[in-house]
Amino acid sequence: MKRTVFRWAAVIFSICMAVSGCGKTNRNRKPAATNNPNASLTYEKGRDFVGVIKSIDTGKKSVTFYNADFEEETQCEYSGGTEILTKNGKQISPESLEVGQVVDVYQDEGTKRLTKMQYTANLLEYDRVKGLYADPDAGYIEINGIKYRYGSEFAAYSNGQPIDIKEISQTDEITFMGVKGKALSVVVTKGHGYLKPVKYADFVGGTMTVGGVMIVPVTEKMLVPVPEGTYNVSMENGDYVGSKTVTIQRDQQLKLDMSKFKSLAPNTGQVVFDIDPAGAELYINGTLTEYKKPVSLKYGKHSVRVLLEGYTTYFGVLDVQSPSPTVRINLADEEAEVPDQFDDTSVSKGDDSEQDSSAGEYDSRHTITVSAPIGAGVYMDGTFKGTAPCSFAKKIGSVTITLSMSGLTPKTYTMKTLNDGKDVSWSFPDLEAPAAG
């Protein structure tokens, strides 16, 4: 009986040992899995916001951002312990940061000081592109045919300084950074300066060519925005030609004395225009031309347009082949003729499609008014229009407005008008003195 009890006790003891795990620890056995995280692991929080660097003060160790997440300006301090990283994680110094750069911003939760800045990856980026158009009223910019919205504190940047987005010319090269549907940063990589011809009266009515960039009519009091760089600039007007190589610097004005480079051109005619009724306007090759005295024109074909309110506009092609032809144009009969003694020169009437194309660039019944800055010289597409406040005929489409005052830095704005039968009024910020140094 005792032996039976002993056996049952041994069995029960073995079962208890197996269930409770009691006994000698197996040192080679791995510890059981647990749902609790290892206390020694650390977790990095996500960025606080995406910021565009607006300014850097290395003395005060502070950075001012355009906070793209909240569309507001945010200023943060950094320290020697702040990590500043490229997209690839390479450490760089605060002096290496550039205005207009887009970065992921990390802050200390308590002090709000910067713990890390890293260049933002996976951005939509266009490098050195042209043709940016901005519509501040609608709050968007258009580039490569696509519109991108931007916030109230958004700014463009040139030479390390914020600028008004409207100051970017169609010829300026920019770097654009953003995400789908939203602009974050626009940096001007190649801007524009200004070419101001002087002593060029003999060229008025002709054309000016900036090699590889533009051809513009020569008018009085010109101030032409030109992309920065080195160019051959030439002027031609009938008997006279002249050219010089110039270097245009960003935001700087270059005076070009054309009297030093003027010479006579061969194969030109002095054309006398006899136009009826008196007071009609004469356009040659698209340029309004004074015809009280003979007009110098090179041998060859030139487009001619004559218009006067109340009469049908005359459009024709003048082929100059003699030294002093006379051209008579009668708007009442829509005719033009050259006297028999000048048979080498001829005039042919143009078709309606050419006439409509030329006339459609302007709305002569409506005006553009520039009201400010008061006293500034106003130039449209390089041609002087008056001193603000002033008004002039409305051009349809893209319009380049340049403002200039003695001793102040000129500014150029790219605007757009609609063929909507309405007058346009623009007011621009005051001009500023040139930056020191």
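Since the model is a prediction, treat every value here as computed from it, not as a measurement.

1. Considerations on the overall build of the protein
When you go through the protein residue by residue, the secondary structure sums to 2 helices and 38 strands. For the protein, the exposed surface amounts to about 24,600 Å²; the carbon and sulfur share of it is 48%.

2. Observations concerning the pairing of strand β33 (residues 377-380)
Of the two faces of β33, the one lined by Gly 377 and Tyr 379 and the one lined by Val 378 and Met 380 are each fully buried. What sits between the antiparallel neighbours β33 and strand β34 (residues 383-387) is a turn of 2 residues, in which Asp 381 has the positive phi angle 55°. Both β33 and strand β36 (residues 397-404) contribute to a ladder of 4 bridges, which runs antiparallel. Among the inter-strand pairings, Met 380 is bridged to a residue of β36, identified as Ile 401.

3. Some points on the packing of aromatic side chains
Enumeration over the complete set of coordinates arrives at 8 aromatic pairs. An angle of 25° between the planes, with centres 5.6 Å apart, marks the rings of Tyr 126 and Phe 176 as stacked. You can see Tyr 126 sitting in strand β7 (residues 124-129) and its partner Phe 176 sitting in strand β13 (residues 173-179), a full 50 residues away along the chain. Judged by relative accessible area, which is 17%, Tyr 126 ranks as buried. Ring geometry for Tyr 379 and Phe 384: centres 5.4 Å apart, planes at 65°, overall edge-to-face. In this structure Tyr 379 comes out as buried when scored by relative accessible area, which is 6%. Using a relative accessible area of 25% as the deciding quantity, one classes Phe 384 as partly exposed. An aromatic cluster of at least three residues, connected via ring pairs, comprises Tyr 66, Tyr 150 and Phe 154. Positioned above the aromatic ring of Tyr 283 is the side chain of Arg 305, whose terminal nitrogen or guanidinium carbon lies 4.5 Å from the ring centre. Directly above the ring of Tyr 133 sits Lys 416, whose terminal nitrogen or CZ lies 3.9 Å from the centroid.

4. Focus on the pattern of salt bridges
In this structure the tally under the stated criterion is 15 salt bridges. One salt bridge connects Glu 77 with Arg 113, and the closest N-O pair in it is separated by 3.5 Å. Here the residue Glu 77 occupies a position in strand β3 (residues 72-77), and Arg 113 occupies one in the loop between β5 (102-107) and β6 (114-119), the gap between them amounting to 36 residues. According to the relative accessible area criterion, Arg 113 is partly exposed, its value standing at 42%. Note that Asp 420 is salt-bridged to Lys 394, the shortest N-O span being 2.8 Å. With a gap of 26 residues between them, Asp 420 in the loop between β37 (411-417) and β38 (424-427) and Lys 394 in strand β35 (residues 390-395) connect regions that are remote in the sequence. Residue classification places Asp 420 among the partly exposed positions, given a relative accessible area of 39%. For Lys 394, a relative accessible area of 0% puts it in the buried group. One continuous salt-bridge network, built from bridges that share partners, spans Lys 54, Glu 73 and Glu 153.

5. A word on the pairing of strand β27 (residues 300-307)
Examined bridge by bridge, strand β24 (residues 281-284) and β27 share 4 bridges and lie antiparallel to one another. Note that in β27 the partner of Tyr 283 across the bridge is Arg 305. Inspection of the sheet shows β27 paired to strand β28 (residues 314-320) by 7 bridges, in the antiparallel sense. Bridged to His 302 within β28 is Leu 318.

6. Remarks on the confidence of the model for the protein
Looking at the protein, the pLDDT average stands at 84 and 85% of residues meet or exceed 70. Per-residue pLDDT stays below 50 along residues 1-6; that stretch engages in 0 contacts with residues further than four places along the chain or on separate chains. Counting interchain partners and residues more than four positions distant, the pLDDT-below-50 stretch residues 8-44 has 5 contacts.

7. Considerations on the sheet that holds β38
Within the open sheet, the 3 strands sit side by side as β35-β32-β38. Their pairing is mixed. Edge positions in the sheet fall to β35 and β38, since each of these pairs with one other strand and no more. Taken over all neighbouring pairs, the strand axes of this sheet differ in orientation by 30° on average, direction set aside. Where strand β32 (residues 362-372) and β35 come together, 6 bridges link them in antiparallel fashion. The residue bridging Thr 369 from the neighbouring strand is Ser 391, located in β35.

Parameters at a glance
- Residues numbered from 1 in each chain as written.
- Predicted model: local features only at pLDDT ≥ 70, side-chain atom pairs only at ≥ 80, totals over all residues.
- Heavy atoms only, no water.
- Helix = DSSP H or I, 4+ residues; strand = E, 2+ residues; numbered from the N terminus.
- Areas by Shrake-Rupley, 256 points an atom, 1.4 Å probe, with all protein chains shown as cover.
- Buried < 20%, exposed > 50% of the residue type's maximum accessible area, 1.4 Å probe, protein only.
- Pairing = 2+ DSSP bridges.
- Phe/Tyr/Trp six-rings, centres within 6.5 Å; stacked < 30°, edge-to-face > 60°.
- Lys NZ or Arg CZ within 6 Å of the ring centre and 35° of its normal.
- Salt bridge = Lys/Arg side-chain N within 4 Å of Asp/Glu carboxyl O.
- pLDDT = per-residue confidence, 0-100.
- Contact = heavy atoms within 4.5 Å.
- Axes fitted to C-alpha atoms, helices over the stretch in contact; angles between N-to-C directions.

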